[in-house]
Amino acid sequence: MIDMPCVIFAGGKSSRMGKNKALLPFAGFNTLAEYQYKRLSKIFSNVSISCKDKSVFSFDANFIEDKKVSSVFAPTLGFVTVFDTLGTEKIFVLSVDTPFVSQREIEKIILADNAAADAVIAKTDEGVQPLCGIYSKNLQAKFLQMLHENNHKLGYLLKNSKTTYVYFPDSKPFLNMNHPKDYQKALKILTHY
Ligand SMILES: Nc1nc2c(ncn2[C@@H]2O[C@H](COP(=O)(O)OP(=O)(O)OP(=O)(O)O)[C@@H](O)[C@H]2O)c(=O)[nH]1
Ligand SMILES: [Mg+2]
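Residues numbered from 1 in each chain as written. Chains lettered and ligands numbered in written order. Predicted model: local features only at pLDDT ≥ 70, side-chain atom pairs only at ≥ 80, totals over all residues. Heavy atoms only, no water.

**Student:** What am I meant to see in the packing of aromatic side chains here?
**Tutor:** As enumerated under the stated definition, the model contains 14 aromatic pairs in all. Ring geometry for Phe57 versus Phe63: centroids 5.1 Å apart, planes at 10 degrees, classification stacked. In this structure Phe57 comes out as buried when scored by relative accessible area, which is 8%. The exposure class of Phe63 is buried, given its relative accessible area of 18%. Members of the aromatic cluster, each reached through a chain of ring pairs, are Phe9, Phe79, Phe83, Tyr135 and Phe143. Lys52 extends its terminal NZ or CZ atom over the ring of Phe73, reaching a point 4.7 Å from the ring centre. Lying over the aromatic face of Tyr165, Lys123 brings its terminal NZ or CZ to 4.9 Å of the ring centre. (Phe/Tyr/Trp six-rings, centres within 6.5 Å; stacked < 30°, edge-to-face > 60°. Buried < 20%, exposed > 50% of the residue type's maximum accessible area, 1.4 Å probe, protein only. Lys NZ or Arg CZ within 6 Å of the ring centre and 35° of its normal.)

Shown next as structure tokens:
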């Protein structure tokens, strides 16, 4: 088991999906959030779900609700709340909508962790995967500043921080469900498992 706390980000608007993607049925589970929580709990000893409102979920988990200080919808608010709540040096984050990031990818990222890095982030030929990797609490001041400035570009933060990128030649595990067609594609992949 990996000691570093894992946080699943699941507090977005799902505007492109048209309905809360964390609540879509997935792989025999009532919701994608529950699927992610259960499978990641076999890899990490401590898993939390960063969200806006835990009452939408009908399973037990460690939920961390975004601070109500802001009406912002962006992972930045999740990061600020999570670092304040968990008080740990480093967290492993994964977006709720990437169900195919497996133990293999996670372990490669954990292995690349190093004392000099404030972030260790997956990268594929399609680009940086900011919600798959390790973030250090050292970045909390920057997250607070981003909130303050209403700038929520994680790519910008990573470019201007001590970031180690971990390259994956195969981008398939990083399939990200933004639109209904991505969900359909993921369901199709499941049937071939
Ligand atoms: N805790 C928390 N998570 C968020 C917030 N905004 C986005 N996320 C999560 O960050 C991840 C990446 O965001 P997107 O893929 O853009 O998801 P989204 O923002 O729900 O979808 P769109 O509205 O279509 O952009 C998703 O897993 C979201 O649930 C937020 O305000 N708080
Ligand atoms: Mg979004």
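Here the narrative resumes.
**Student:** For this particular structure, what's the right way to read the site of ligand 1?
**Tutor:** Close to ligand 1 lie 23 residues; Phe9, Ser15, Arg16, Ser50 and Asp66 are nearest. Residue Lys52 places a side-chain N or O atom 3.0 Å away from an oxygen atom belonging to ligand 1. Within the side chain of Asp97, one N or O atom sits 3.3 Å away from an oxygen atom of ligand 1. Contact with the protein chains removes 87% of the 600 Å² of surface that ligand 1 exposes when unbound. Cavity membership is defined here by more than half of the atoms lying within 2 Å of grid points; on that basis ligand 1 lies in the largest pocket. Mapped by element, the contributors of at least two residues to the shell around ligand 1 are β2 (47-51) and α2 (75-86). For the shell around ligand 1, the per-class residue count stands at nine nonpolar, eight polar and six charged. (Near = heavy atom within 4 Å. Polar contact = N/O pair within 3.5 Å; in protein donor to acceptor, adjacent residues only side chain to side chain. Areas by Shrake-Rupley, 256 points an atom, 1.4 Å probe, with all protein chains shown as cover. 1 Å grid on protein atoms, 1.4 Å probe; cavity = no way out; pocket = protein on both sides within 12 Å on 5 of 7 lines; lining within 4 Å. Sits in = over half its atoms within 2 Å of the grid points. Helix = DSSP H or I, 4+ residues; strand = E, 2+ residues; numbered from the N terminus. Nonpolar A, V, L, I, M, F, W, Y, C, P; charged D, E, K, R; others polar.)

**Student:** Hey, could you run me through the sheet that holds strand β5 (residues 119-124) in this one?
**Tutor:** Consider a sheet: its strands pair through backbone hydrogen bonds, and that pairing is either parallel or antiparallel. Pairing in this open sheet of seven strands is mixed, and the strands run β3-β2-β1-β4-β6-β5-β7 from one edge to the other. Across the chains shown, the open sheet's two edge strands, defined by having one partner strand only, are β3 (62-65) and β7 (163-167). Going from strand to strand, the sheet's axes swing by 30 degrees on average, the running direction of each strand aside. Sitting on the sheet, helix α1 (residues 32-40) is in contact with β1 (6-9), β2, β3 and β4 (90-95), with an inclination near 155 degrees to β2. Sheet strands touched by helix α3 (residues 103-111): β4, β5, β6 (127-136) and β7. Its angle to β6, the strand with the most contacts, is close to 60 degrees. (Pairing = 2+ DSSP bridges. Axes fitted to C-alpha atoms, helices over the stretch in contact; angles between N-to-C directions. Contact = heavy atoms within 4.5 Å.)

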